[in-house]
Amino acid sequence: MARKKKAEPERDDIAPGLVVKTKKRLVVASGSSHSILARQVADELGTELAPTEHRVFASGEVLTRFQRSVRGCDIFLIQSFGPPVNEWMMELLIMLDAAKRASAKRITVVAPYYPYSRQDKKGRGREPISARLVADLFKTAGADRVMSVDLHAAQIQGFFDGPVDHLFAKPVLLDHFERTLSVEDRANLTVVSPDTGRVRVADTWSDSLGAPLAIIHKRRDPNVANQVTVNDIVGHVEGRVCLLVDDMIDTGGTIVKAAQALKANGAEKVIVAATHAIFSDPAVDRLQDFSIDEVVVTDTLPLPPQKHFPGLTILPIAPLLARAIREVFEDGSVTSMFDGAA
């Protein structure tokens, strides 16, 4: 009887092994929170969303079921976390459990807006670190990887025990301003950070646009939510076109106070650029304040028609997500999408 030959590595740096005929299969599935965005991502990838059943029982319990086999596939579950955030969180956890028990090979949570991201540290005693809890829930439910856009705090990447793809919406927003700002506005532009926590991000915008940087110093009462007091502006804004950059707009209090301070200090125009348009009440009314000339956001979160207003521009984030998904699936480089910054 002939002896079996040992498997030989093709190169010195590859371990011996067997080559099988199975091929990787990319599957995109969606929760109920932002199905329009999920369909756009699938279209960009040249595929369709996996047929999925979503049911809510009379008691409020949620059931999700994949209607086709996902065994051995590389599945990307897209769920964004606008209100009601806790309902969408529970639905995603159940989808993760369903995919894990259906023998998906690798499961990636695509959360364009990461929930509870502002609770990333203990500001006072006896407070939770809810962003870490969310990461633990994802992992326990079956997620192998997490993908998100413009995390509120970069250290959230370390909360998840596995790879985290931190994407940036800056290329999407930057492309819009490079196309729409007039030559005069570009020459007169100042990038403004609405608080000291966003200085590093605003600084990269300043470099990309070749514009000076200004910083607004604010104080927030830790005992009162969504209350901001603007104290000082560091930098020259008089007669300038000010581009306020932030990661999210919730109730709009911070942005409006900042815009009012800029106009009070002689700014000619104030343009707001943000990634996540949460727009909790009364944000829509606030953002139509006289101090703000334009608001530009992406569609990481769904915005119903009643939250649209004159001066609002919504940019599509699906092409960015689709490219990142393709890079992950094909074992490419997500970092190369952002010139090594991701």
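Above this text you will find the structure in question.
Definitions and cut-offs
- Residues numbered from 1 in each chain as written.
- Predicted model: local features only at pLDDT ≥ 70, side-chain atom pairs only at ≥ 80, totals over all residues.
- Heavy atoms only, no water.
- Helix = DSSP H or I, 4+ residues; strand = E, 2+ residues; numbered from the N terminus.
- Expected span 1.5 Å × (residues − 1).
- Buried < 20%, exposed > 50% of the residue type's maximum accessible area, 1.4 Å probe, protein only.
- Contact = heavy atoms within 4.5 Å.
- Axes fitted to C-alpha atoms, helices over the stretch in contact; angles between N-to-C directions.
- Parallel < 35°, antiparallel > 145°, perpendicular 65-115°, else oblique.
- Left-handed = near helix turned anticlockwise from the far one by under 90°.
- Pairing = 2+ DSSP bridges.
- Phe/Tyr/Trp six-rings, centres within 6.5 Å; stacked < 30°, edge-to-face > 60°.
- Lys NZ or Arg CZ within 6 Å of the ring centre and 35° of its normal.
- Salt bridge = Lys/Arg side-chain N within 4 Å of Asp/Glu carboxyl O.

A few words on helix α7 (residues 253-264). Over its 12 residues, α7 runs 16 Å from end to end, which matches the ideal 16 Å to within 8%, given 1.5 Å per residue. Buried within α7 are the following residues: G253, T254, I255, V256, A258, A259, A261 and L262. A positive backbone phi angle near 95° is found at G266, which sits one or two residues after α7.

A few words now on helix α4 (residues 170-180). Along α4, the residues that are buried comprise V172, L173, L174, H176 and F177. Turning to α4, the residues buried within the fold contact α6 (199-209), β11 (241-249), β12 (269-277), β13 (294-298), β14 (312-315) and α9 (318-329).

What follows deals with the packing of helix α1 (residues 35-45) against α9. Between α1 and α9, whose axes approach to 8 Å, the crossing angle comes to 55°. Taken together, α1 and α9 sit at an angle that is classed as oblique. Crossing hand, α1 versus α9: right-handed. Across the interface between the two elements, L37, Q40, V41, E44 and L45 of α1 pack against A318, P319, L321, A322, I325 and R326 of α9.

Here 5 strands make up an open sheet; going across it, the order is β1-β4-β5-β6-β7 and the pairing parallel. Across the chains shown, the open sheet's two edge strands, defined by having one partner strand only, are β1 (26-30) and β7 (164-167). Between one strand axis and the next, the sheet turns through 20° on average, direction left out of account. Here helix α2 (residues 85-101) sits on the sheet and contacts β1, β4 (74-78) and β5 (106-111); the angle it forms with β5, its principal contact strand, is near 165°.

Glancing now at the packing of aromatic side chains. This model, assessed by the stated rule, comprises 4 aromatic pairs. Plain terms: the ring middles of F168 and F338 are 5.3 Å apart, the flat faces sit at 85° to each other, and that makes the pair edge-to-face. Note that F168 is positioned in the loop between β7 and α4 and F338 in the segment after α9, a separation of 170 residues in sequence. Measuring from centroid to centroid gives 6.2 Å for F177 and W205, while their planes differ by 65°, and the two rings are edge-to-face. Residue F177 is located in helix α4, and its partner W205 is located in helix α6; the two are separated by 28 residues in the primary sequence. The same class applies to F177 as to W205, namely buried. The ring of F329 has K24 lying over it, and the distance from NZ or CZ to the ring centre is 4.7 Å.

Bringing the pattern of salt bridges into the picture now. What the rule picks out here adds up to 16 salt bridges. The partner of K100 in a salt bridge is D97, and the shortest N-O contact between them spans 3.9 Å. A residue pair is termed a helical-turn pair when its members lie 3 or 4 positions apart in one helix, as K100 and D97 do in helix α2 at 3 residues. Accessibility expressed as a relative area gives 37% for K100, which makes it partly exposed. Within this structure, D97, K100 and R101 form a network of salt bridges that share partners.

Geometry only, nothing functional implied.
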